[in-house]
Amino acid sequence: MSTRKGSSTSSSSKKPAYLADRPDLPELPDLDADPECTTCGKKESELRLKLKRCTGCLVAKYCSRECQKSGWHTHREVCRAGSDQATKEGVLGPERLGGYPALATLHTALQDWEDAHGYAMVAIASVVAHLDGGVDYNLTSRRALIIRLRTHSVDTEADKNPGNGFHMVEAVMQNQSQFGPFARGWESMQGVNANIEKEVRTTLRDPTFAGVVPAALVVLDTGFVKYGGYPVFRRMGGDGTSPRARTILTDIMCLCHRSMNAGLALRPPSERGRCDPDAGTLVRRKKKWEWKVKEDWDWDSVTGGVTKSGLHPRYIWKIFYLPVTLESL
């Protein structure tokens, strides 16, 4: 089996992070396996030649000089942010992009970070939906998960690890009326969510799956927002109101938040009978970043041996995945 960046294996296919623990499901085609020209859209396999990267942002790819020239009038807004020409043309500079040289580079780094932490992000989406009004309320109202991030300075080779690119500040549910400048992405989020929900319902067949909550990843001090959505599952029978349940949910949020900001990428448990995820880091193998389990690691390195519930993290994760409410035990 293979997953997106941050997996322990690599091939020309992948699974979304929320399906990574289901080896029985078919894998999805890797959209990067056969890249296409940014301007004309023709694929490498069709052209029978290797596309050339834009030397400004190292993200866009072109099949010819002509395509690069004709596409510059739209691509310039996200490219060569630090160049003199871009500055004259009013393109954002690195000081406005958290140190990233171009908007396209920032977007790619955020996508890689999100891929690395997909398991934790899905858990966080479910936790926040339970804590702030309940799952049904958040899925039937015009509300979205707003995740605020800060860029993490890149000073060493280790800092270039995709899992270290950003630090999460907070994750909160907000009404559409509170979105402010993010409101323009609402319809975009709805379109993405419909595709995600259809995929999950037809492949996962998980009775605890409740729906997909719209989400916006906001990179503070840059004005950059990435829209999307995350699957939400009913944990502990959907209980988010009892004091015991809220304590467990708060602990899960802290475990995910602290792990992510420590550069640890969580993955489904490898041991049968365990509920707490494996923790690992991304390591470079040849030209790719791949996930590797962190040996001799313990949750105490994240919690300091202290949780709100007073329970060990392994037991907290076990309770979180219970299909019934705590009151029914």
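Residues numbered from 1 in each chain as written. Predicted model: local features only at pLDDT ≥ 70, side-chain atom pairs only at ≥ 80, totals over all residues. Heavy atoms only, no water.

(A) Structural view of unusual backbone geometry. Within the chain, Arg 48 stands out as a residue other than glycine whose phi angle is a positive 60°. Following the sequence through the fold, Arg 48 ends up in the loop between helix 1 (44-47) and strand 3 (52-53). Looking at Arg 48, the relative accessible area reads 79%, which means it is exposed. The phi torsion at Arg 205 lies on the positive side, around 50°, for a residue other than glycine. In this structure Arg 205 comes out as exposed when scored by relative accessible area, which is 67%. (Helix = DSSP H or I, 4+ residues; strand = E, 2+ residues; numbered from the N terminus. Buried < 20%, exposed > 50% of the residue type's maximum accessible area, 1.4 Å probe, protein only.)

(B) How the structure looks around the state of the cysteines. Here the structure, examined in full by the defined rule, presents zero disulfides. The closest cysteine sulfur to the non-disulfide-bonded Cys 67 is located on Cys 63, 3.7 Å from its own sulfur. With no disulfide of its own, Cys 256 lies 9.5 Å from the sulfur of Cys 254, the closest cysteine sulfur. Note on Cys 256: relative accessible area 0%, which makes it buried. (Disulfide = S-S within 2.5 Å.)

(C) Local environment of the pairing of strand 10 (residues 278-285). Direction of pairing for strand 9 (residues 265-267) relative to strand 10: antiparallel, over a ladder of three bridges. Pairing of Ala 265 across the sheet is with Gly 280, part of strand 10. Relative to strand 11 (residues 288-293), strand 10 runs antiparallel, the two sharing six bridges. By the bridge assignment for strand 11, Arg 285 is matched with Lys 288. Hairpin connection, strand 10 to strand 11: the antiparallel pair is bridged by two residues, and Lys 286 has positive phi, about 60°. (Pairing = 2+ DSSP bridges.)

(D) Here's a closer look at the packing of aromatic side chains. Scanning the model with the defined rule gives seven aromatic pairs in all. Taken together, a centroid distance of 6.1 Å and an interplanar angle of 20° make the contact between Trp 317 and Tyr 321 stacked. Within the aromatic cluster, the residues linked to one another by ring pairs are Trp 297, Trp 299, Trp 317, Phe 320 and Tyr 321. (Phe/Tyr/Trp six-rings, centres within 6.5 Å; stacked < 30°, edge-to-face > 60°.)

(E) Main features of the sheet that holds strand 5 (residues 143-151). Strand order in the open sheet formed by four strands is 6-5-7-8, and the pairing between neighbours is mixed. The sheet is open, and its two borders are formed by strand 6 (166-175) and strand 8 (224-233), each paired with just one other strand. Ignoring which end each strand starts from, the neighbouring axes of this sheet average 25° apart. Across five bridges, strand 5 lies against strand 7 (residues 209-219) in parallel orientation. The residue bridging Leu 149 from the neighbouring strand is Val 219, located in strand 7. Lying over the sheet, helix 5 (residues 118-131) contacts strand 5, strand 6, strand 7 and strand 8, oriented at roughly 75° with respect to strand 8. (Axes fitted to C-alpha atoms, helices over the stretch in contact; angles between N-to-C directions. Contact = heavy atoms within 4.5 Å.)

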